[in-house]
Amino acid sequence: MDACCQINGTEIMQSLATTLEEEKLSHEMVVKVIYQPQAVFRVRSVTRCASSMQGHSGAILHVHFSADGKRLASGGGDGTVRLWDMLTSTPLKTLKGHKNWVMAVAWAPDGSFLISGDSKGEIRVW
(Lines give C-alpha, C1' and ligand atoms only; values in the text may rest on other atoms or scores of the structure.)
Protein backbone atom coordinates (compact mmCIF):
# COMPACT_ATOMS: atom_id res chain seq x y z
CA MET A 1 0.00 0.00 0.00
CA ASP A 2 1.30 3.42 -0.89
CA ALA A 3 1.56 6.14 1.71
CA CYS A 4 1.88 9.89 1.85
CA CYS A 5 3.96 11.63 4.51
CA GLN A 6 3.71 15.36 5.15
CA ILE A 7 5.40 18.04 7.22
CA ASN A 8 3.49 21.33 7.63
CA GLY A 9 1.19 20.33 4.77
CA THR A 10 4.11 19.68 2.38
CA GLU A 11 4.42 16.15 1.05
CA ILE A 12 7.81 14.50 1.57
CA MET A 13 8.71 13.68 -2.03
CA GLN A 14 12.45 12.93 -1.86
CA SER A 15 13.90 12.66 1.61
CA LEU A 16 13.11 14.00 5.06
CA ALA A 17 16.32 16.08 5.04
CA THR A 18 15.41 17.73 1.72
CA THR A 19 11.91 18.56 2.90
CA LEU A 20 13.24 20.03 6.17
CA GLU A 21 15.57 22.27 4.15
CA GLU A 22 12.78 23.34 1.78
CA GLU A 23 10.54 24.18 4.74
CA LYS A 24 13.46 25.97 6.46
CA LEU A 25 13.17 23.75 9.53
CA SER A 26 16.06 22.80 11.78
CA HIS A 27 17.26 19.21 12.06
CA GLU A 28 17.38 19.79 15.81
CA MET A 29 13.72 20.62 16.36
CA VAL A 30 10.76 18.30 16.84
CA VAL A 31 8.54 18.17 13.76
CA LYS A 32 5.20 16.47 13.30
CA VAL A 33 5.24 14.04 10.39
CA ILE A 34 1.77 13.06 9.21
CA TYR A 35 1.42 9.60 7.64
CA GLN A 36 -1.60 8.86 5.45
CA PRO A 37 -2.13 5.52 3.72
CA GLN A 38 -3.18 5.95 0.11
CA ALA A 39 -5.45 3.69 -1.93
CA VAL A 40 -3.80 1.67 -4.68
CA PHE A 41 -6.84 2.05 -6.88
CA ARG A 42 -8.76 4.98 -8.29
CA VAL A 43 -12.38 5.34 -7.16
CA ARG A 44 -14.86 6.46 -9.78
CA SER A 45 -18.20 7.97 -8.86
CA VAL A 46 -21.27 5.86 -9.49
CA THR A 47 -23.65 7.50 -11.93
CA ARG A 48 -26.49 5.02 -11.62
CA CYS A 49 -27.82 2.48 -9.17
CA ALA A 50 -27.30 -1.03 -10.51
CA SER A 51 -29.60 -2.69 -7.99
CA SER A 52 -31.47 -2.09 -4.77
CA MET A 53 -32.41 -4.67 -2.18
CA GLN A 54 -35.43 -4.24 0.07
CA GLY A 55 -35.35 -5.84 3.50
CA HIS A 56 -34.31 -3.90 6.60
CA SER A 57 -37.07 -1.93 8.29
CA GLY A 58 -34.49 0.50 9.74
CA ALA A 59 -31.28 2.11 8.58
CA ILE A 60 -28.48 -0.13 7.30
CA LEU A 61 -25.52 0.57 9.59
CA HIS A 62 -22.82 -1.78 8.31
CA VAL A 63 -22.20 -4.16 5.40
CA HIS A 64 -19.48 -6.69 4.66
CA PHE A 65 -18.85 -8.76 1.53
CA SER A 66 -17.77 -12.38 1.79
CA ALA A 67 -14.24 -13.11 0.56
CA ASP A 68 -15.53 -14.63 -2.69
CA GLY A 69 -17.80 -11.61 -3.30
CA LYS A 70 -20.88 -13.80 -3.75
CA ARG A 71 -22.60 -12.87 -0.48
CA LEU A 72 -23.21 -9.66 1.43
CA ALA A 73 -24.08 -9.34 5.11
CA SER A 74 -25.85 -6.22 6.33
CA GLY A 75 -26.56 -5.08 9.87
CA GLY A 76 -29.34 -2.67 10.59
CA GLY A 77 -31.13 -0.45 13.01
CA ASP A 78 -33.94 -2.99 13.11
CA GLY A 79 -31.67 -5.38 15.07
CA THR A 80 -31.37 -7.92 12.27
CA VAL A 81 -28.51 -9.24 10.17
CA ARG A 82 -29.45 -10.02 6.60
CA LEU A 83 -27.59 -12.19 4.12
CA TRP A 84 -27.82 -11.39 0.42
CA ASP A 85 -26.92 -13.24 -2.79
CA MET A 86 -24.91 -10.72 -4.81
CA LEU A 87 -25.32 -12.58 -8.10
CA THR A 88 -29.11 -12.23 -8.02
CA SER A 89 -29.51 -9.30 -5.53
CA THR A 90 -31.96 -11.40 -3.53
CA PRO A 91 -32.17 -12.08 0.22
CA LEU A 92 -30.84 -15.41 1.45
CA LYS A 93 -31.65 -15.27 5.15
CA THR A 94 -32.64 -12.94 7.99
CA LEU A 95 -30.80 -13.55 11.26
CA LYS A 96 -32.69 -12.38 14.34
CA GLY A 97 -31.40 -12.25 17.89
CA HIS A 98 -29.96 -8.81 18.57
CA LYS A 99 -32.13 -6.52 20.67
CA ASN A 100 -30.25 -3.37 19.61
CA TRP A 101 -28.85 -1.77 16.46
CA VAL A 102 -26.41 -4.05 14.64
CA MET A 103 -23.31 -1.88 14.28
CA ALA A 104 -20.82 -4.35 12.75
CA VAL A 105 -20.83 -7.53 10.68
CA ALA A 106 -17.83 -9.52 9.47
CA TRP A 107 -17.41 -12.78 7.58
CA ALA A 108 -14.80 -15.35 8.55
CA PRO A 109 -12.00 -15.39 5.94
CA ASP A 110 -13.23 -18.74 4.61
CA GLY A 111 -16.89 -17.60 4.69
CA SER A 112 -17.91 -20.43 7.02
CA PHE A 113 -19.45 -18.15 9.63
CA LEU A 114 -20.40 -14.54 10.33
CA ILE A 115 -19.95 -12.40 13.43
CA SER A 116 -22.16 -9.44 14.33
CA GLY A 117 -22.02 -6.88 17.11
CA ASP A 118 -24.71 -4.53 18.35
CA SER A 119 -24.73 -1.09 19.96
CA LYS A 120 -24.77 -2.53 23.50
CA GLY A 121 -21.71 -4.73 22.89
CA GLU A 122 -23.43 -8.07 22.36
CA ILE A 123 -21.60 -10.24 19.83
CA ARG A 124 -23.18 -13.15 18.00
CA VAL A 125 -21.59 -15.86 15.88
CA TRP A 126 -23.84 -17.16 13.12
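How each quantity is defined
Residues numbered from 1 in each chain as written. Predicted model: local features only at pLDDT ≥ 70, side-chain atom pairs only at ≥ 80, totals over all residues. Heavy atoms only, no water. Helix = DSSP H or I, 4+ residues; strand = E, 2+ residues; numbered from the N terminus. Rg over C-alpha atoms; globule rule 2.2 N^0.38 Å. Buried < 20%, exposed > 50% of the residue type's maximum accessible area, 1.4 Å probe, protein only. Areas by Shrake-Rupley, 256 points an atom, 1.4 Å probe, with all protein chains shown as cover. Lys, Arg positive; Asp, Glu negative; His and termini not counted. Charge placed at Lys NZ, Arg CZ, Asp CG, Glu CD. Salt bridge = Lys/Arg side-chain N within 4 Å of Asp/Glu carboxyl O. Pairing = 2+ DSSP bridges. Axes fitted to C-alpha atoms, helices over the stretch in contact; angles between N-to-C directions. Core = buried A, V, L, I, M, F, W, Y, C linked by side-chain atoms within 4.5 Å. Polar contact = N/O pair within 3.5 Å; in protein donor to acceptor, adjacent residues only side chain to side chain. Contact = heavy atoms within 4.5 Å.

## A closer look at the overall build of the protein chain
Secondary structure assignment for the protein chain yields 1 helix and 10 strands. Taken from N to C terminus, the helices and strands of the protein chain fall in the order β-β-α-β-β-β-β-β-β-β-β. Here the protein chain has a C-alpha radius of gyration of 22 Å; the compact-globule value for 126 residues is 14 Å, and the former is much larger. The principal-axis extent of the C-alpha atoms belonging to the protein chain is close to 60 × 35 × 30 Å. The proportion of buried residues among the 126 residues of the protein chain is 24%. Accessible surface, the protein chain as shown: approximately 9,100 Å² in total, 54% of it carbon and sulfur. For the protein chain, the distance from the average position of its 13 positive side-chain charges to the average position of its 12 negative side-chain charges is 15 Å.

## Digging into the pattern of salt bridges
If the charged atoms of two oppositely charged side chains come close together, the side chains can form a pair. Under the defined criterion, the tally for this structure stands at 1 salt bridge. Between arginine 124 and glutamate 122 there is a salt bridge whose closest N-O contact spans 2.7 Å. Taking relative accessible area as the criterion, glutamate 122 reaches 30% and is therefore assigned partly exposed.

## Quick look at the sheet that holds strand S7 (residues 90–96)
Each strand in a sheet pairs with another by means of backbone hydrogen bonds, the pair being arranged parallel or else antiparallel. Ordered by their spatial adjacency, 4 strands build an open sheet running S4-S5-S6-S7, and the pairing between neighbours is antiparallel. For this open sheet the edge positions go to strand S4 (60–65) and S7, each flanked by a neighbour on one side alone. Each strand axis lies, on average, 20° off the axis of its neighbour in the sheet, ignoring direction. Two elements, strand S5 (residues 71–76) and strand S6 (residues 80–85), share 5 bridges in a ladder whose sense is antiparallel. Of the residues in S6, the one forming a bridge with arginine 71 is aspartate 85.

## Quick look at the pairing of S7
Sheet topology note: the S6/S7 ladder contains 6 bridges and is antiparallel. Across the sheet, tryptophan 84 pairs through a bridge with proline 91, a residue of S7.

## Side note on the nonpolar core
Nonpolar side chains tend toward joint burial in soluble globular proteins. Ala73, Val81, Leu83, Leu95, Val102, Val105, Trp107 and Leu114 together form the largest nonpolar core, which totals 8 residues. At 3 residues, the largest contribution of residues to this core is made by strand S8 (residues 102–107).

## Points about the side chain of serine 66
For serine 66, the position within the fold is in the loop between S4 and S5. By relative accessible area, which is 4% here, serine 66 ends up buried. Reaching out from serine 66, the side chain makes a polar contact with the side chain of aspartate 68 at a distance of 2.6 Å. Sequence-distant contacts of serine 66, that is, excluding residues within four places in its chain, are made with Arg71 and Trp107.

## A closer look at the sheet that holds strand S10 (residues 123–125)
If you walk across this open sheet you meet the 3 strands as S8-S9-S10, and the pairing is antiparallel. Looking at strand neighbours, the two that pair on one side only are S8 and S10, the edges of this open sheet. In this sheet, neighbouring strand axes are inclined to one another by 15° on average, regardless of whether the strands run parallel or antiparallel.

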